[in-house]
Amino acid sequence: MKCARCVAPRDIRIVESPDPVPEDNEILVSVRAVSLCPSDHHIYKEGHASGVYPDHEMILGHEFSGVVAKPAADGSGPPEGTRVAIEPAWHCGRCDICKRGLINICRNVVFPSYPNRDGALAEYIACPSFSAAPLPDNVGFVQAALAEPLGVAIHAVRHANLGFGDVVAILGVGVIGTALVELCKLAGVRSILVVDPNESRHAVPLELGADQAYTDKDQLIEDVGGTEHGPSVVFDVTNGQDSFSHSVDVCEPGGQVIVITIPPHDHAELTASTARRKELDIQFSRRSRHTLEEAVRLVSEGRVHPDRWPRKEFSLDETGAAFECSTNPPPGMVRAVVNVGE
Ligand SMILES: [Zn+2]
Ligand SMILES: [Zn+2]
């Protein structure tokens, strides 16, 4: 099969590789669309993922959709020809954490595109049959690939106790931040405030339900009347180094901070006295669990609109250009998507 391998930092080669051989409980998926996630960029740019170095030239990409080319030999999962989205955190189902239901933080999780399991920027990928969600006809392959980051946003919203009276702040409006705007709107909160230093990213969240957009958290703080009167729920999805402290500054006393962000340097700081005096509830949110079907349903029912999240599309041959484009995105763009096959 044809695939895109990351042979060195910022060096993607289109090469031929043997087709993956599925295990008995795996389906072979003919890949159609792959959305490039900021986490793929760590290996692309730095050659490792939070200090974990791959042992081979990896195929990246974990937000994807496709068609079942070969069903699972054990009879589980969808039949050949089914259009599917895939949940990429493949839990073991046997460890103590899985038995507590927390499958997204499984001790033995396998994650395609994370060392050392190859990802989806290829004509085929083998996936556990349980990871596939069948797609209704009205959900396209690109939207289905974006159901994965939508699932991450759904998981974060489930951590928050959102109510009608809540003022919500979303720090960072990339794909997940934009999805959060749509979900908070659906939840019927009082108002949605977004902060993103890149002003070209403000228009779409404002169209999709945000009430105000700021380039800087200090503007938000001034607007709401100070650091004690801010939003009751803050979602941190900036991927910036200072976002923990910004979230704590912005949040009102007794509020909730939901941290989805991955800071560029592993050690990040916040002002302890601010967080303590406000008695903030700081909750980390990792990946997603049991969200893919919900994400696909929200898209199919027209209640969330990934087709309106600004993106640029590329072919598999252009994967290197797609990574470069999302490293330095043109104004407004939040995702590069690689179309594979047809
Ligand atoms: Zn991702
Ligand atoms: Zn497990």
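1. Describing the overall build of the protein
Looking only at helices and strands, one finds 10 helices and 16 strands in the protein. For the protein, whose C-alpha radius of gyration is 20 Å, the value lies close to the compact-globule estimate of 20 Å for 342 residues. Overall size of the protein, expressed as C-alpha extent along the three principal axes, is 60 × 40 × 40 Å. By the burial criterion, 48% of the 342 residues in the protein qualify as buried. Expressed as a percentage of contacts within the protein between residues at least 6 apart in sequence, the contacts between residues at least 24 apart total 70%.

2. Notes on the sheet that holds strand 11 (residues 212-214)
Spatially, 6 strands are ordered 11-10-9-12-13-14 in an open sheet, and the strand pairing comes out parallel. Across the chains shown, the open sheet's two edge strands, defined by having one partner strand only, are strand 11 and strand 14 (281-284). Averaged over all pairs of adjacent strands, the angle between strand axes in this sheet comes to 15 degrees, irrespective of strand direction. Note: strand 9 (residues 167-171) against strand 12 (residues 233-236), 4 bridges, orientation parallel. Of the residues in strand 12, the one forming a bridge with Leu171 is Asp236.

3. Some thoughts on the packing of helix 3 (residues 141-159) against helix 9 (residues 292-300)
As a packed pair, helix 3 and helix 9 sit with axes 8 Å apart at the nearest point and diverge in direction by 120 degrees. The two elements helix 3 and helix 9 cross, and the hand of that crossing is right-handed. Here Gln143, Ala144, Ala147, Leu150, Gly151 and Ile154 of helix 3 come into contact with helix 9, specifically with Leu292, Glu294, Ala295, Val296 and Val299. Across the contact of helix 3 with helix 9, the residue classes break down as 8 nonpolar, 2 polar and 1 charged.

4. Structural notes on helix 3
With 19 residues, helix 3 ought to run about 27 Å at 1.5 Å a step, and its terminal C-alpha atoms sit 28 Å apart, in line with that. Of all the bends in helix 3, the greatest, near 35 degrees, is centred on Glu148, and the proline Pro149 appears no more than four residues after it. Taken across its 19 residues, helix 3 has 17 buried, putting it largely inside the fold.

5. With respect to the sheet that holds strand 4 (residues 58-59)
An order of 2-1-4 is seen for the 3 strands of this open sheet, with the pairing classed as antiparallel. Each of the sheet's edge strands pairs with one partner strand only, and the pair in question is strand 2 (11-16) and strand 4.

6. Concerning unusual backbone geometry
Cis geometry marks the peptide bond from Pro115 to Asn116; its omega dihedral reads 0 degrees. Within the element layout of this structure, Asn116 appears in the loop between helix 2 (96-99) and strand 7 (124-128). Look at Asn239: it is not a glycine, yet its phi comes out positive at around 60 degrees. Relative to the assigned elements, Asn239 resides in the loop between strand 12 and helix 7 (243-250).

7. What to know about the domain arrangement of the protein
Structurally, the protein comprises domain 1 (2-134 + 310-339) and domain 2 (152-284). The distance between the C-alpha centroids of domain 1 and domain 2 comes to 28 Å. Contact with domain 1, which involves 8 residues of that partner, is made by 10 residues of domain 2. Taken together, the residues that form the side of domain 1 that touches domain 2 break down as 4 nonpolar, 3 polar and 1 charged.

8. Considerations on helix 1 (residues 38-46)
Think of an α-helix as 3.6 residues a turn; residues three or four steps apart then line up on the same face. When helix 1 is considered as a whole, its buried residues turn out to be Asp40, His42, Ile43 and Tyr44. Among the residues trailing helix 1, Gly47 stands out with phi positive, at a value near 85 degrees.

9. Some remarks on the pairing of strand 2
Two faces make up the sheet, and in a regular strand the side chains alternate between them. In terms of strand pairing, strand 1 (residues 2-8) meets strand 2 through 6 bridges, oriented antiparallel. Each residue of the ladder has a partner; that of Ala8, found in strand 2, is Asp11. Counting the residues in the hairpin turn of strand 1 and strand 2 gives 2 residues, including Arg10, whose phi is positive at 60 degrees.

10. Quick word on the environment of Asp24
As for its position among the elements, Asp24 is in the loop between strand 2 and strand 3 (26-35). Taking the C-beta count within 10 Å as the criterion, Asp24 has 10 such neighbours and is therefore assigned exposed. Here the alpha-carbon distance between Asp24 and Ala72, two residues 48 residues apart in the chain, equals 5.8 Å. Not counting residues up to four positions away in its chain, the partners in contact with Asp24 are Ala72, Ala73 and Asp74.

Calculation notes
- Residues numbered from 1 in each chain as written.
- Chains lettered and ligands numbered in written order.
- Predicted model: local features only at pLDDT ≥ 70, side-chain atom pairs only at ≥ 80, totals over all residues.
- Helix = DSSP H or I, 4+ residues; strand = E, 2+ residues; numbered from the N terminus.
- Rg over C-alpha atoms; globule rule 2.2 N^0.38 Å.
- Buried ≥ 20, exposed ≤ 12 C-beta atoms within 10 Å, placed from the backbone.
- Contact = placed C-beta atoms within 7 Å.
- Pairing = 2+ DSSP bridges.
- Axes fitted to C-alpha atoms, helices over the stretch in contact; angles between N-to-C directions.
- Left-handed = near helix turned anticlockwise from the far one by under 90°.
- Nonpolar A, V, L, I, M, F, W, Y, C, P; charged D, E, K, R; others polar.
- Expected span 1.5 Å × (residues − 1).
- Bend = angle between axes of the 7 residues up to and from the residue.
- Domains from an automatic or database assignment.

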